[in-house]
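Close look at the chain arrangement
One-letter residues, chain by chain:
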Amino acid sequence: MTDGRYRLIGSTASPYAIKLRALMRYRRIPHDWVIMTKALRQATAHLKPMLIPVLQYPDGSYRGETTTLAYDLEARHQGRSVIPEDKAVAFVCDLLEDLADEWAVKPLFLYRWWDPDDQAYVSRWAGEEWSTSDAETGSAGEIEQFRRRQISRMVILGATAENKPLLEESYRRILAAFEPHVGMTNYLFGSRPSLADFAWFGQLSEMATDPTPMQIMRKRAPFTDHWVRRLDDASGVEGAWYPRERALGGFAEALLRIAGELYLPFLVANADAFAKGLDRLEINVWELPYALAPFKYQVKCLQQLRQKFAALGAEDRARLQPLLERTGCWAHLAGA
């Protein structure tokens, strides 16, 4: 590899791969974008779990998990940081990134594999890039195997008839949170994008492409549709962080309300069910049910958010308290 240059290995059908690609473009970190092949899958098989993207560092090593990678790149490269300087705002950035990574992917997965038209579109696209089987890459067999594999995971990931109304409602509320605030140079915390912006770009960009959620977005949130398309390459964007009061205003607060009403209660219920050894967690949000087998990884998500919150100074927590209380986040983060 060329000295100082990375290789980002992924697929354009992965919200996490394009999240990291857009982040690295914005930060002007030299890299090559490479579609995952069978040979590269074998070369990265030692990484557990085997997910994309994978980032190959200039020394030849491979690493995964986009949040960890984003913070490691912060430590290695100066300038154009995606982490707000204000520690209280940086915590909200972490929370909203987690909301995108761990919840927004749920309606994305539902839409991709629920309707036959979406299945056909996405399986052809992803099956040509993702190389998950022994069939020839891009072949009809590869595409069909990918489609069946993803459909088989729907129950595991909660994309069920029981959960469908809540997942669809959450997508509508996410769009409603974005639409009044996005603009040519308006991001979550300033006129420059943050780590949370790139996480939301990853999820919403895929939904701006897949047939069913694309139609919903263009009807309900056309400015959001434009925003995600521009953020794919923000290497020319120059901007600044807003002062704390503005940074934690309408845009961030609207998403925090979704976190407080939906995502954090889900994480708490998941952790409680996992600790009790239950086979199923059940919650009711916005008068809609949601049920799923508990996941150990999302127990870790809650733990990490609470640890980051506890690590804030007393002054920063006090300044965040009114916002987090009125959005329903405070009690869940404080562990009350």
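Before reading on, note that the structure itself is shown above.
Residues numbered from 1 in each chain as written. Predicted model: local features only at pLDDT ≥ 70, side-chain atom pairs only at ≥ 80, totals over all residues. Heavy atoms only, no water.

**Digging into unusual backbone geometry**
- Within the chain, glutamate 65 stands out as a residue other than glycine whose phi angle is a positive 80°.
- Structurally, the position occupied by glutamate 65 is in the loop between β4 (62-64) and α3 (66-76).
- Using a relative accessible area of 34% as the deciding quantity, one classes glutamate 65 as partly exposed.
- The phi torsion at glutamate 287 lies on the positive side, around 65°, for a residue other than glycine.
- Examined against the element boundaries, glutamate 287 turns out to sit in the loop between β5 (281-285) and β6 (288-292). (Helix = DSSP H or I, 4+ residues; strand = E, 2+ residues; numbered from the N terminus. Buried < 20%, exposed > 50% of the residue type's maximum accessible area, 1.4 Å probe, protein only.)

**Here's the deal with the pattern of salt bridges**
- With the rule as written, the count across this model stands at 29 salt bridges.
- With its nearest N and O atoms 2.9 Å apart, the salt bridge here joins arginine 229 to aspartate 225. Here the residue arginine 229 and the residue aspartate 225 both occupy positions in helix α10 (residues 222-231), the gap between them amounting to four residues, near one helical turn.
- Owing to a relative accessible area of 40%, arginine 229 belongs among the partly exposed residues under this scheme.
- With a relative accessible area of 6%, aspartate 225 lands in the buried category.
- The salt bridge involving aspartate 272 is made with lysine 276; its shortest N-O contact spans 3.1 Å. (Salt bridge = Lys/Arg side-chain N within 4 Å of Asp/Glu carboxyl O.)

**A look at the nonpolar core**
- Within the largest apolar cluster, 103 residues are counted, with the highest numbers of intra-cluster contacts made by Leu96, Phe189, Trp200 and Leu204.
- Other than its neighbours up to four places away in sequence, leucine 204 contacts Tyr171, Ile174, Leu175, Phe178, Met217, Thr224 and Val228.
- In this structure, Met36, Leu40, Leu47 and Ile52 belong to the second largest nonpolar core, which totals eight residues. (Core = buried A, V, L, I, M, F, W, Y, C linked by side-chain atoms within 4.5 Å. Contact = heavy atoms within 4.5 Å.)

**Quick look at the packing of aromatic side chains**
- For the structure shown, the criterion picks out 15 aromatic pairs.
- Summarising the aromatic geometry, the rings of tyrosine 26 and phenylalanine 198 are spaced 5.8 Å apart at their centres and angled 45° between planes, so their arrangement reads as tilted. One end of the pair, tyrosine 26, is in helix α1 (residues 15-27); the other, phenylalanine 198, is in helix α8 (residues 195-207), with 172 residues separating them in the sequence. In terms of burial, tyrosine 26 and phenylalanine 198 fall into one category: buried.
- Measuring from ring centre to ring centre gives 5.3 Å for tryptophan 103 and tyrosine 290, while their planes differ by 55°; the resulting arrangement is tilted. Here tryptophan 103, found in helix α4 (residues 87-114), pairs with tyrosine 290, found in strand β6; they are 187 residues apart in sequence, far enough to count as distant.
- The rings of Phe178, Tyr187, Trp200, Trp227 and Phe251 are connected pair by pair, giving a single aromatic cluster.
- Here the basic side chain of arginine 21 rests over the ring of tryptophan 33, its NZ or CZ set 4.6 Å away from the ring centre.
- Directly above the ring of tyrosine 26 sits arginine 80, whose terminal nitrogen or CZ lies 4.2 Å from the centroid. (Phe/Tyr/Trp six-rings, centres within 6.5 Å; stacked < 30°, edge-to-face > 60°. Lys NZ or Arg CZ within 6 Å of the ring centre and 35° of its normal.)

**Focus: the pairing of strand β2 (residues 31-35)**
- Here strand β1 (residues 6-10) runs beside β2; their pairing, made up of five bridges, is parallel. For arginine 7, the partnering residue across the bridge sits in β2 and is aspartate 32.
- Regarding the hand of the β-α-β motif, the stretch spanning β1, α1 and β2 is right-handed. (Pairing = 2+ DSSP bridges. Right-handed = clockwise from strand over helix to strand, strands pointing away.)

**Looking at the environment of isoleucine 258**
- Positionally, isoleucine 258 belongs in helix α12 (residues 250-276).
- Considering only alpha carbons, one finds isoleucine 258 and glutamate 102, 156 residues apart in sequence, at a separation of 13 Å.
- Non-local contacts of isoleucine 258, meaning those with residues more than four positions away in its chain, are made with Leu99, Arg173, Ile174, Ala177, Tyr263 and Trp286.

**Details of the sheet that holds β1**
- Taking strand neighbours across the sheet as the criterion, the four strands line up as β2-β1-β3-β4 in an open arrangement whose pairing is mixed. Because the sheet does not close on itself, it has two edges, and the strands there are β2 and β4. Strand-to-strand twist in this sheet, taken as the mean axis angle between neighbours without regard to direction, amounts to 25°.
- Examined bridge by bridge, strand β3 (residues 54-56) and β4 share three bridges and lie antiparallel to one another. Within β4, the residue paired with leucine 55 across the bridge is arginine 63.
- Seen against the sheet, α1 touches β1, β2 and β3 and runs at an angle of roughly 155° to β1.
- Across the sheet, α3 is in contact with β1, β3 and β4; its angle to β4 comes to roughly 120°. (Axes fitted to C-alpha atoms, helices over the stretch in contact; angles between N-to-C directions.)

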